[in-house]
Amino acid sequence: NALGGLYNSGINTKAGAENYFIVYPNPASNGIFNITLHSSELKSVTISDMEGRAIPFVLKGSILDISLSPAGIYMLKAEDQQGRFILKRIIHISR
């Protein structure tokens, strides 16, 4: 499930990774996502657009809010407390 500590969920998903790290709803019409990370806790999160530019967000517990950003496709990169990295494509659609 891990290759060099990298979990890749949503793009070339390895078996089991989708159960380790879950972001829902995806797509989200309001820019609010719930994050579930099994057997560990988040250490850090970054959000970028498809050109690699950082996107502002608010993370409160398991709630990720990118509602102030325009509708689009973004990459979420997260690191858990065990040093594993996760990549996930998230989609914020207009209401």
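Given the structure is predicted, the values throughout are model-derived calculations rather than measurements.

1. Structural notes on the nonpolar core
Stage number 1. The biggest cluster of nonpolar side chains holds 17 residues, and the ones touching the most others in it are F21, F33, I47, L64, I66, L76 and I90.
Stage number 2. Going through the elements one at a time, β2 (21-24), β3 (32-37), β4 (42-49), β7 (72-80) and β8 (85-92) are the ones with two or more residues in this core.
Stage number 3. In contact with L76, other than residues within four places in its own chain, are F21, I35, V45, T46, I47, L64, I86, L87, K88 and I90.

2. Overview of the sheet that holds β2
Pairing between the strands of a sheet is mediated by backbone hydrogen bonds and can be parallel or antiparallel.
Stage number 1. Spatial strand order, β2-β3-β6-β5: 4 strands in an open sheet with antiparallel pairing. At either margin of the open sheet sits one strand with a lone partner, and together these are β2 and β5 (58-60). In this sheet, adjacent strand axes meet at a mean angle of 25° when their direction is disregarded.
Stage number 2. Across 3 bridges, the pairing between β3 and strand β6 (residues 63-65) is antiparallel. In the strand pairing of β6, N34 is matched with I63.

3. Structural notes on the side chain of H92
Stage number 1. Take H92: it is sitting in strand β8.
Stage number 2. Look at H92 and you get buried, because its relative accessible area is 7%.
Stage number 3. Reaching out from H92, the side chain makes a polar contact with the backbone nitrogen of G31 at a distance of 3.4 Å.
Stage number 4. For H92, the residues in contact, after removing those within four places along its chain, are A28, S29, N30, G31, F33, I66, S67, S69, P70, A71, G72 and Y74.

4. A few points about the environment of D49
Stage number 1. Among the structural elements, D49 can be located in strand β4.
Stage number 2. In the structure, D49 is positioned 25 residues away from Y74 in sequence and 4.6 Å away in space, judged by C-alpha atoms.
Stage number 3. Polar side-chain contacts of D49 include one of 2.9 Å to the backbone nitrogen of E51.
Stage number 4. Within polar-contact distance, the side chain of D49 engages the side chain of R53 at 2.7 Å.

Calculation notes
- Residues numbered from 1 in each chain as written.
- Predicted model: local features only at pLDDT ≥ 70, side-chain atom pairs only at ≥ 80, totals over all residues.
- Heavy atoms only, no water.
- Core = buried A, V, L, I, M, F, W, Y, C linked by side-chain atoms within 4.5 Å.
- Buried < 20%, exposed > 50% of the residue type's maximum accessible area, 1.4 Å probe, protein only.
- Helix = DSSP H or I, 4+ residues; strand = E, 2+ residues; numbered from the N terminus.
- Contact = heavy atoms within 4.5 Å.
- Pairing = 2+ DSSP bridges.
- Axes fitted to C-alpha atoms, helices over the stretch in contact; angles between N-to-C directions.
- Polar contact = N/O pair within 3.5 Å; in protein donor to acceptor, adjacent residues only side chain to side chain.

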